[in-house]
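Read off the chains here:
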There are 4 protein chains.
Amino acid sequence: MIVVMRPGASEEQIQEVCQRLEAAGYKAAISRGVERVVVGAIGILDEPTRQMLMEQLLVLPFVEQVIRVTKPYKLVSSDWKKERTKVAVRDFLIGGDEVIVMAGPCAVESREQLLQTAYAVKEAGADVLRGGAYKPRTSPHSFQGLGEVGLELLREASEITGLPIITEVLDVRDLERVISVADIIQVGARSMQNFALLRELGKTDKPVLLKRGISATIEEWLQAAEYIMLEGNINVMLCERGIRTFETYTRNTLDLSAVAAAKELTHLPIIVDPSHATGRWSLVTPLSLAAVAAGADGLLIEVHPEPSKALSDGPQSLTPERFAALMEKLEPIAEAVERKLRKGGGVKGA
Amino acid sequence: MIVVMRPGASEEQIQEVCQRLEAAGYKAAISRGVERVVVGAIGILDEPTRQMLMEQLLVLPFVEQVIRVTKPYKLVSSDWKKERTKVAVRDFLIGGDEVIVMAGPCAVESREQLLQTAYAVKEAGADVLRGGAYKPRTSPHSFQGLGEVGLELLREASEITGLPIITEVLDVRDLERVISVADIIQVGARSMQNFALLRELGKTDKPVLLKRGISATIEEWLQAAEYIMLEGNINVMLCERGIRTFETYTRNTLDLSAVAAAKELTHLPIIVDPSHATGRWSLVTPLSLAAVAAGADGLLIEVHPEPSKALSDGPQSLTPERFAALMEKLEPIAEAVERKLRKGGGVKGA
Amino acid sequence: MIVVMRPGASEEQIQEVCQRLEAAGYKAAISRGVERVVVGAIGILDEPTRQMLMEQLLVLPFVEQVIRVTKPYKLVSSDWKKERTKVAVRDFLIGGDEVIVMAGPCAVESREQLLQTAYAVKEAGADVLRGGAYKPRTSPHSFQGLGEVGLELLREASEITGLPIITEVLDVRDLERVISVADIIQVGARSMQNFALLRELGKTDKPVLLKRGISATIEEWLQAAEYIMLEGNINVMLCERGIRTFETYTRNTLDLSAVAAAKELTHLPIIVDPSHATGRWSLVTPLSLAAVAAGADGLLIEVHPEPSKALSDGPQSLTPERFAALMEKLEPIAEAVERKLRKGGGVKGA
Amino acid sequence: MIVVMRPGASEEQIQEVCQRLEAAGYKAAISRGVERVVVGAIGILDEPTRQMLMEQLLVLPFVEQVIRVTKPYKLVSSDWKKERTKVAVRDFLIGGDEVIVMAGPCAVESREQLLQTAYAVKEAGADVLRGGAYKPRTSPHSFQGLGEVGLELLREASEITGLPIITEVLDVRDLERVISVADIIQVGARSMQNFALLRELGKTDKPVLLKRGISATIEEWLQAAEYIMLEGNINVMLCERGIRTFETYTRNTLDLSAVAAAKELTHLPIIVDPSHATGRWSLVTPLSLAAVAAGADGLLIEVHPEPSKALSDGPQSLTPERFAALMEKLEPIAEAVERKLRKGGGVKGA
């Protein structure tokens, strides 16, 4: 249930609605738009109680509408919050007019590899440095990431280049440590339904990038985001990274319809990861252009100084040169959809 | 096996290569590029014969290279023909610099519905009129199309508006009749592996738009195209129209990676059908922009004057107004990837 | 709409119902059960006409019930016909108490290969000889079957061994020729929605085995069967042969839930093809046992005297010895679900 | 790399092999079969070192063979351990001649519901009581399980009925608590790649039932099991519970080929969960029979006293009566594949 307040409703009136919802057994969540305040009722009541409460709320003069929400997510929904959410990362926003690019190696392998890549992507205009310290690997016999050492290297790379950091957390017990380094926490596809982890992230106010599970429906993905928002963290971004289908030519199947759909269904920023989606560097550029044309608010791209020597995901990594060329092609596409490529790193590096 | 002739090889020398291939048991297929002629050897020989022939060809002074092709398609491959194929439809080309738009109703329902839509899409700049006379329907209890009557209406709509026609053939026994009306023959997703039909289409020189099967891999799709080309028809276009996955929010999952991949693997033009792929009109516009950004040579879009009354596929049809708005948004995207939206209908209608 | 007649309704009364249905615009289809006759109304009427007709029929004293059918298939449904359909092939029935086994090579390759296999499977107890003369092959460069020559070899093998023949038809123009040889016509997975072919098969009374399309839902499969039945042919069998999923260890994913579901939803016999489904001979035996335990009425199994030399599908073919061992294991499973393995070939060969 | 010792190799000789492997950089894992001991080399070495070591080992007189393992799992593989693993749960074994049945409600809802179900499934012959205290739910607005209270109810139900308990752990921080109650720990499909959790489970010796992820390949599933075994816990059971496909009639698609394949590829017991796989109670019985026919070592079945009132998964739950009827049908199937239905609960309850 969502309660839409009339324009100009006072703080007291909003609180009265919240109290009534809570008295009936709901949890209340307030969304303050430019014109209106909307209060979401979280929880499940028996039908007669819900019905009665709905009628009582409707007679209040400062309530404009009471909407029954049948979707299994509420706070994530564009019904609850009309304005698009903009997530602040240091001095810029994700989800606004600017298209943001996050780039870097799949895994942090060494100080040299990380710094070399960080300088290169910054120069080409990337806004955020990506790099995995804890790597979720299908086989226990594969390289599992540098762990804490990797985190320290990321901290250093950020200090030197000024780029904010996005990195993945796998284990709820590592969360504090990862938060101390990361500007954005990445929840990987395999962890999309690690509900314990989502709840802990919800208790922080750190920006979270929630990757879609490899076979998650759009609705399941949005419900996973709801787990985070329900604990109070509104800084959630969605990331489409390809779904598992029968097609084997590409590593996964990038679902750009999900990007356009998520923009309709939610108010959250949407990022696209064409590197994991395609698994082939030669497809990363056309799919990046397509993603921005479809409405993506940003990209997450793997760049490696020597893809053939990468400890993971080499075949899908761009060289720094190819990444720079991609950035140039992105600019006119962003403008064609009336946005602007931020190119933060490049500008600040100048 | 593909035989690359040296630049400047004479017609006689080319014929000599063909004769040697045919003497050994292959069928020879010639591709004449700007700089070089390439001869494809079609068929399967036992290994020693193949080996010996390969060595004999390599010693000929006018043969530059002999390449073993391990892909299961040959004539379709960009290995065999480097230049992109441009398919001529009346006075324009598909697969060149211009982006082409084909639009119209899913099914021809009546004279009024067809003409009304034809005028509207022409005015908005569509290049080709689409409309189904023979409809492949999952249930025998659903509307099956107007058949011959529908074909005659398409002929009339073309005469009145000057738009070329694309329409589907389902039954090999209807082929002659459909060819007499259509400028482009559509092979639907359900017929992608109707090999008897593909072979008959290969014996004509009519442009063919081959839709990808609902669960066909990229490789299977290209092999289906090979069935047509192998009979001699080179006017083949591929059409990505969404694949079947677990996701149910969209009707199918549009696979734009397949568009970028097909551009690498083949020399054929690629068209995208965002209407069938998404099944939701509100997603048609962002996915059309994305398709062109990914490299598509054209779009196939459902437009219906009153989508809510359509006998098939209403929910995914654009109104004429929304189609016109889409055309306006397409223009800057085409330019951002250094192409041009043709907008043939609009120009000729002026 | 389905009209259930009271027990003992006369032929005249049945005809009266049919006439009323047809006068209103439906086509009538009669199903004569042991206790009751049920008349199906095929077609689509506007809602008020349908409503009025329903009420008029309900007041007739010899009509017990009028049921609105919302499923997209009617004649195929177990709502329309309660008793299970038994399809007669020469002197035995498929769909009754006995479990039937059809076995043989994927493709007819030579007289020797076919006869050798035919003798072997007959001796092991197979009831029907399978073998493809027209082969649907993904690549035009692969072996396409022996065609008419293959059909003649099948005819001879049947004459010599006494085994009935099942073989596939691909092209509607070959139908007459195939019918003259085959006891059961196979519609392959790629042709499941070749509606022209289904309609032609519906005009005959030849038993048809309709394979499920590689990515067809159960509902689409049943609607394809409805195309055949609607033309008047009631001798339809369904065949589950694996669906396309993300799993690559097996060629396809055998969907035995679909077998159990189809037994609930329809009255048609269900056959299972574990050879195409798994693509690995070592999995054919356990999956055959599972299929019969799940309720399958029969199996379709690839047997080849020398699998490693087969021109198609070698890796999934059983040797005659392994096939004989499978038949022995099947017997107690059939009995455990209160059926009997027919073992027709063996008995008759004795 | 796997080192196969000659029959009769002494303990010293085995230790020598281990030391050589460890000196080179591998971790050694010993598997003691009835006839032979096999030593697995875990880890990755550079190619020349591996090659040299292999040659050195081969010349040892007590080494029979050195096998290069290219599969991404080793300890899980039937190459490393030929005999089938039997997991002891109280006084019986899973993976031996007996077929085991685990049954109970999806979620523990109340003392009454749990005890009523526990008595019923015990009487019908179930060997283990299942019931979720921590429930992984797609929506945060759904019932999340009773948590610790649910665990205490499970402990009580076990004490009263004598049935061992299987229950799921979601959060690595709950592991100790769950282990104190459970005889078998269930890792749900959503947690199959929660590597932190798998590693912690590997450090215990508690039997683990590892469900296949909803879109995990067989190979990924086996690698997840390898994460557990690699830490030292050999009491691992695999559980097939349906994969996500395009089919929507069933909740998931039960992949019985994966059961037969896993029996070939590994030495671990395989359990099948037909309730989650089909999502329809009417399909649970035929699929249970099929699972045992395909080689499953046990079943995991949802039973609820009043399915229509269940807080989760009602439509797929059997009533106690239907469960008892299933147990009766299972018995002859188990015998048909030369096994025995254990029916432990029933016997002990007598």
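Before reading on, note that the structure itself is shown above.
Here's what I pulled together on the structure shown here. (Residues numbered from 1 in each chain as written. Chains lettered and ligands numbered in written order. Predicted model: local features only at pLDDT ≥ 70, side-chain atom pairs only at ≥ 80, totals over all residues. Heavy atoms only, no water.)

In this section: the interface of chain C and chain B. Counting residues at the interface gives 32 residues for chain C, matched by 32 residues for chain B. Between chain C and chain B, the buried area comes to about 2,700 Å², and carbon and sulfur atoms account for 51% of it. Counting across the chain C and chain B interface gives 4 salt bridges. In this structure, the salt-bridge partner of B:Arg244 is C:Glu220, at a minimum N-O distance of 2.6 Å. Every element with two or more residues in the side of chain C that touches chain B is listed here: helix H6 (195–202) and helix H7 (218–230) of chain C. (Contact = heavy atoms within 4.5 Å. Buried area = accessible area lost by both parts, 1.4 Å probe. Salt bridge = Lys/Arg side-chain N within 4 Å of Asp/Glu carboxyl O. Helix = DSSP H or I, 4+ residues; strand = E, 2+ residues; numbered from the N terminus.)

This part covers the packing of helix H1 (residues 11–24) of chain C against helix H2 (residues 47–58) of chain C. All names here are of chain C. Their axes nearest at 11 Å, the elements H1 and H2 cross at an angle of 165°. Judged by the angle between their axes, H1 and H2 are roughly antiparallel. When you trace H1 past H2, the crossing you get is right-handed. Note on element contacts: H2 touches H1 through Leu53, Gln56 and Leu57, opposite Val17, Arg20, Leu21 and Ala24. (Axes fitted to C-alpha atoms, helices over the stretch in contact; angles between N-to-C directions. Parallel < 35°, antiparallel > 145°, perpendicular 65-115°, else oblique. Left-handed = near helix turned anticlockwise from the far one by under 90°.)

So, on to the relation of the copies chain A and chain B. For the match of chain A to chain B, the screw axis carries a shift of 0.0 Å, the RMSD comes to 0.1 Å, and the turn is 180°. One copy is carried onto the other by what is essentially a two-fold rotation axis. In terms of C-alpha distance to the rotation axis, chain A has A:Ala290 as its closest residue, with the C-alpha 2.0 Å off the axis. A shared binding surface is used by both copies, with 100% of the interface residues of chain A retained as interface residues in chain B. (Least-squares fit on C-alpha atoms with pLDDT ≥ 70 in both.)

This brings us to empty space enclosed by the protein. Summed over the entire model, instances satisfying the criterion amount to 9 cavities of 30 Å³ or more. For the largest cavity, the calculated volume is near 150 Å³. As for the largest cavity, its lining consists of 15 residues, and the residues nearest its centre are A:Arg190, A:Ser191, A:Asn194, D:Arg190 and D:Asn194. At the level of elements, helix H6 (195–202) of chain A together with helix H6 (195–202) of chain D are the ones that each hand at least two residues to the lining of the largest cavity. Grouping the amino acids of the lining of the largest cavity by side-chain chemistry returns 7 nonpolar, 6 polar and 2 charged. In this structure, the second largest cavity occupies an estimated 120 Å³ of space. Every residue lining the second largest cavity is counted, 14 residues in all, and those nearest its centre are B:Thr245, C:Arg244, C:Thr245, D:Thr245 and D:Phe246. Taken together, the residues that form the lining of the second largest cavity break down as 4 nonpolar, 6 polar and 4 charged. (1 Å grid on protein atoms, 1.4 Å probe; cavity = no way out; pocket = protein on both sides within 12 Å on 5 of 7 lines; lining within 4 Å. Points joined across faces, edges and corners; volume = space filled by probe spheres on them. Nonpolar A, V, L, I, M, F, W, Y, C, P; charged D, E, K, R; others polar.)

Residue and element names in this part refer to chain A. Over its 13 residues, helix H10 (residues 281–293) extends 19 Å from the first C-alpha to the last, a length consistent with the 18 Å expected when each residue adds 1.5 Å. Largest kink in H10: about 25°, centred on Leu287. Within H10, 11 of the 13 residues are buried, which leaves it mostly tucked inside the rest of the structure. Within H10, the full set of buried residues consists of Leu283, Val284, Thr285, Pro286, Leu287, Ser288, Leu289, Ala290, Ala291, Val292 and Ala293. With its phi angle positive at about 115°, Gly295 sits one or two positions after the end of H10. (Expected span 1.5 Å × (residues − 1). Bend = angle between axes of the 7 residues up to and from the residue. Buried < 20%, exposed > 50% of the residue type's maximum accessible area, 1.4 Å probe, protein only.)

Inspection of the entire model under this criterion finds 4 aromatic pairs over all chains. Aromatic pair B:Phe195 and B:Tyr227: ring centres 4.4 Å apart, planes at 25°, arrangement stacked. Taken together, the residues span a long stretch of sequence, with B:Phe195 in helix H6 (residues 195–202) and B:Tyr227 in helix H7 (residues 218–230) at a distance of 32 residues. With respect to class, B:Phe195 is no different from B:Tyr227; both count as buried. In this structure, A:Arg322 packs its charged tip against the face of A:Trp281, placed 3.5 Å from the ring centre. The ring centre of B:Tyr249 lies 3.6 Å from the NZ or CZ of B:Arg280, which sits over that ring. (Phe/Tyr/Trp six-rings, centres within 6.5 Å; stacked < 30°, edge-to-face > 60°. Lys NZ or Arg CZ within 6 Å of the ring centre and 35° of its normal.)

Our next topic: the relation of the copies chain C and chain B. Take chain C, turn it by 180°, move it 0.0 Å along the axis, and it overlays chain B with an RMSD of 0.1 Å. Same-surface contact between copies: 100% of interface residues of chain C are shared with the interface of chain B.

Residue and element names in this part refer to chain A. Read from one edge of the open sheet, 4 strands run S2-S3-S1-S4, paired in antiparallel fashion. The open sheet has two edge strands, strand S2 (27–32) and strand S4 (63–67), and neither has a second partner. For this sheet the average axis-to-axis angle between neighbouring strands, irrespective of direction, equals 20°. Pairing of S2 with strand S3 (residues 37–42), which is carried by 6 bridges, proceeds in the antiparallel orientation. Residue Ala29 lies in a different strand from S3, and its bridge partner there is Gly40. (Pairing = 2+ DSSP bridges.)

Residue and element names in this part refer to chain C. At their nearest, the axes of H6 and H7 sit 6 Å apart, and the two run at 45° to each other. Comparing their axes, H7 and H6 come out oblique. Residues Phe195, Leu198, Arg199, Leu201 and Gly202 of H6 pack against Ala224, Tyr227 and Ile228 of H7. A per-class count over the contact of H6 with H7 returns 6 nonpolar, 1 polar and 1 charged.

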